[in-house]
Amino acid sequence: MTHLDTDVLAEFRAGLITGRRGARITAHLAGCDRCATLDDQLAGVSVLLASVPVPALPDRVAQRLDTALAAEVARRDDAERARGDGTAESPAPRRPRGNRGFRPLALRVLAPAAAVILLAAGGYGLSHAGLGSSSGSTASSAEGAAKSASSPTPPAARRANAPEAAPAGITGTIVLVPGGKDFSRAGLAQQVEAVLHAPAASTTRASGQLLGCVLGLAGGHPLQRVESIRFEGRPATLVVARTGADDTAWIVGPDCSATDPHVLAMTSLPSGISGP
Amino acid sequence: MPDEDWPADQELLRRHVAGDAEAFGELFRRHRDRLWAVALRTLCDPEEAADALQDAMVSAFRRAADFRGESAVTTWLHRIVVNASLDRLRRRAARPALPTGDEQAFESLVAQDGDPARATDTRLDVNAALRLLPPQQRAALVLVDMLGFSVADAAAILDTSPGTVKSRCARARARLLPHLAHLQGNRSDSQSVSPGQGGET
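Thresholds applied
- Residues numbered from 1 in each chain as written.
- Chains lettered and ligands numbered in written order.
- Predicted model: local features only at pLDDT ≥ 70, side-chain atom pairs only at ≥ 80, totals over all residues.
- Helix = DSSP H or I, 4+ residues; strand = E, 2+ residues; numbered from the N terminus.
- Buried ≥ 20, exposed ≤ 12 C-beta atoms within 10 Å, placed from the backbone.
- Contact = placed C-beta atoms within 7 Å.
- Pairing = 2+ DSSP bridges.
- Expected span 1.5 Å × (residues − 1).
- Axes fitted to C-alpha atoms, helices over the stretch in contact; angles between N-to-C directions.
- Parallel < 35°, antiparallel > 145°, perpendicular 65-115°, else oblique.
- Left-handed = near helix turned anticlockwise from the far one by under 90°.
- pLDDT = per-residue confidence, 0-100.

## A short note on the overall build of chain B
Moving on, step 1. The secondary structure content of chain B amounts to ten helices and zero strands.
Moving on, step 2. Each helix (α) and strand (β) of chain B, taken in turn from the N terminus, gives the series α-α-α-α-α-α-α-α-α-α.
Moving on, step 3. A total of 201 residues make up chain B; the buried ones form 44% of that total.

Written out as structure tokens, the structure is:
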């Protein structure tokens, strides 16, 4: 009898060869050290593979997924809102928000963003509230801020209430300042600084796509401003986030999304330019 | 008594379909480590795996209403991730092999498994060996041997028969053996044989 082929032995081990042919292989293995060793080694392949640790999801991939999920939630909200009062797709009542411990990470990030952007509308002096925290414990405060985004509350009152207030209501929304100022590449930091010092006259709700774009850029850092601008004559969006020692400003194109930021220009600002 | 898996996956999916903005996130977070492992092992490329996992997540989010409950929710999620991964493999089939930079990126990512000092060499060899397998064999072997799915569950995920899963796994193990035998300890050092040299009995 010749020795067993590896493929045949592997199929035998997997239970694919039975009956008389299987019995012949069993008999051969009992009397052939070489093939018995090969059989052991084949078993060892599975043991070895099972011993390789399951890789943990890297933080940056987790963050990316959270951002994409937040954009999907916002997109669905947009679609529902476009159909009516937001209940068209919901035969069952929505779960009251804020009464459970779990909340997707992206929404935790989103919440301070809503607070900060809202406050930015009130001017430079108000933009510190709610900064520097994106942990789960801030979810409720962010919810309050997000809720206030849809209320007629004056900016000063929003600032006072934003960090702690907050019964409920995260909506997957950030507020966009419809500025419209034309930026150029030369002296970009100074132009951004000037905008951040100027109070916003009005605000509007950002689209789901822009939401994903902004959260992807900020990467969990507190947002300072999202403003609709022009860049060298073309429509664009200014995004400013407090990214550590310096603040970072991005100018992105209209097709910016969670997966493709389409950054047209980028600059750093000295810490504190965009807030006290 | 508190149950960390409560509410059940299927209930979370039902809530998501009904409009609950948080249910899908809770569901996906439960399973995403293993879903990541499936994508990463199947694609052997962290960037492609991240893309596939995101594509799959978005697809599951949007297609949740299509889930009929004929399998476990986790099986359904794994199937979407495997399909997204295999789609990417098909699309890149004509492209050249991974450059060195991607190899290094792969190791930098898989090293974040909380056990950086252990099994690094094994991972390197296993990752390199997995790339030698045809995608369908690799997907089956990853599910059964690396992630511990039963043959029946793997068959449900891969939408094929248990016999096909067994066959793919058997061929994959035979193909990997020459490349992994040296990692099997002293036994293989002293007694290893050259696989594939024999004939049918």
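Once you've had a look at it, read on.
## Details of the overall build of chain A
Moving on, step 1. Along its length, chain A carries nine helices and seven strands.
Moving on, step 2. In chain A, which comprises 276 residues, the share counted as buried stands at 48%.
Moving on, step 3. The long-range share in chain A, meaning contacts at least 24 apart out of those at least 6 apart in sequence, stands at 70%.

## Focus on the pairing of strand β6 (residues 247-252) of chain A
Residue and element names in this part refer to chain A.
Moving on, step 1. Summarising burial for β6: six of the six residues are buried, a large majority.
Moving on, step 2. Along β6, one buried face is formed by Asp247, Ala249 and Ile251 and the opposite face, lined by Thr248, Trp250 and Val252, is buried too.
Moving on, step 3. Bridge count for strand β5 (residues 234-242) against β6 is six bridges, and the pairing is antiparallel. Bridging across to β6, Arg242 finds its partner in Asp247.
Moving on, step 4. Where β5 folds back onto β6 in an antiparallel hairpin, the turn is made up of four residues, including Gly244, whose phi is positive at roughly 125°.
Moving on, step 5. Relative to strand β7 (residues 263-269), β6 runs antiparallel, the two sharing six bridges. Note that in β7 the partner of Ala249 across the bridge is Thr267.

## Topic: helix α4 (residues 73-91) of chain B
Residue and element names in this part refer to chain B.
Moving on, step 1. Given a rise of 1.5 Å per residue, 19 residues ought to cover 27 Å, and the 27 Å separating the end C-alpha atoms of α4 matches this to within 8%.
Moving on, step 2. The set of residues buried in α4 consists of Val73, Trp76, Leu77, His78, Ile80, Val81, Val82, Ala84, Ser85 and Arg88.
Moving on, step 3. In this fold, the buried residues of α4 make contact with α1 (9-17), α2 (23-43), α3 (46-63), α7 (135-146) and α8 (151-158).

## Topic: the packing of α4 of chain B against α8 of chain B
Residues and elements named next belong to chain B.
Moving on, step 1. Orientation of α4 relative to α8, taken along the N-to-C sense of each, is 55°, at an axis distance of 8 Å. In this view, α4 runs oblique relative to α8, as classed from their interaxial angle. For the element pair α4 and α8, the recorded crossing hand is right-handed. Across the interface between the two elements, Thr75, His78, Arg79 and Val82 of α4 pack against Asp153, Ala156, Ile157 and Leu158 of α8.

## Digging into the sheet that holds strand β4 (residues 223-231) of chain A
Moving on, step 1. Spatial ordering of the open sheet is given by β2-β4-β5-β6-β7 (chain A), a layout of five strands whose pairing is mixed. Two strands bound the open sheet, and with one partner strand each, they are β2 (182-183) and β7 of chain A.

## Describing the packing of α1 of chain B against α2 of chain B
The axes of two packed helices give the description: the angle between them and the distance between them.
Residue and element names in this part refer to chain B.
Moving on, step 1. Two elements in contact, α1 and α2, have axes separated by 8 Å at closest approach and are oriented at 145°. Considering the relative orientation of α1 and α2, their crossing is left-handed. In contact with Asp9, Leu12, Leu13, Arg15 and His16 of α1, α2 contributes Ala23, Phe24, Glu26 and Leu27.

## Examining unusual backbone geometry
Moving on, step 1. Look at Glu232 of chain A: it is not a glycine, yet its phi comes out positive at around 50°.
Moving on, step 2. When you line up the elements, Glu232 of chain A lands in the loop between β4 and β5.
Moving on, step 3. Under the C-beta neighbour-count criterion, Glu232 of chain A is labelled partly exposed, with 13 such atoms within 10 Å.
Moving on, step 4. Phi at Asp159 of chain B takes a positive value of approximately 55°, unusual for a residue other than glycine.

## A short note on the confidence of the model for chain B
Reading predicted coordinates in detail is not appropriate for stretches of low pLDDT.
All names here are of chain B.
Moving on, step 1. Averaged over all residues, the pLDDT of chain B is 81; the fraction at 70 or higher stands at 73%.
Moving on, step 2. Counting interchain partners and residues more than four positions distant, the pLDDT-below-50 stretch residues 98-119 has 26 contacts.
Moving on, step 3. For the stretch residues 186-191, pLDDT sits under 50, and the model shows five contacts to residues farther than four places along the chain or on other chains.
Moving on, step 4. Both confidence scores are given for the complex: pTM 0.57, ipTM 0.78.

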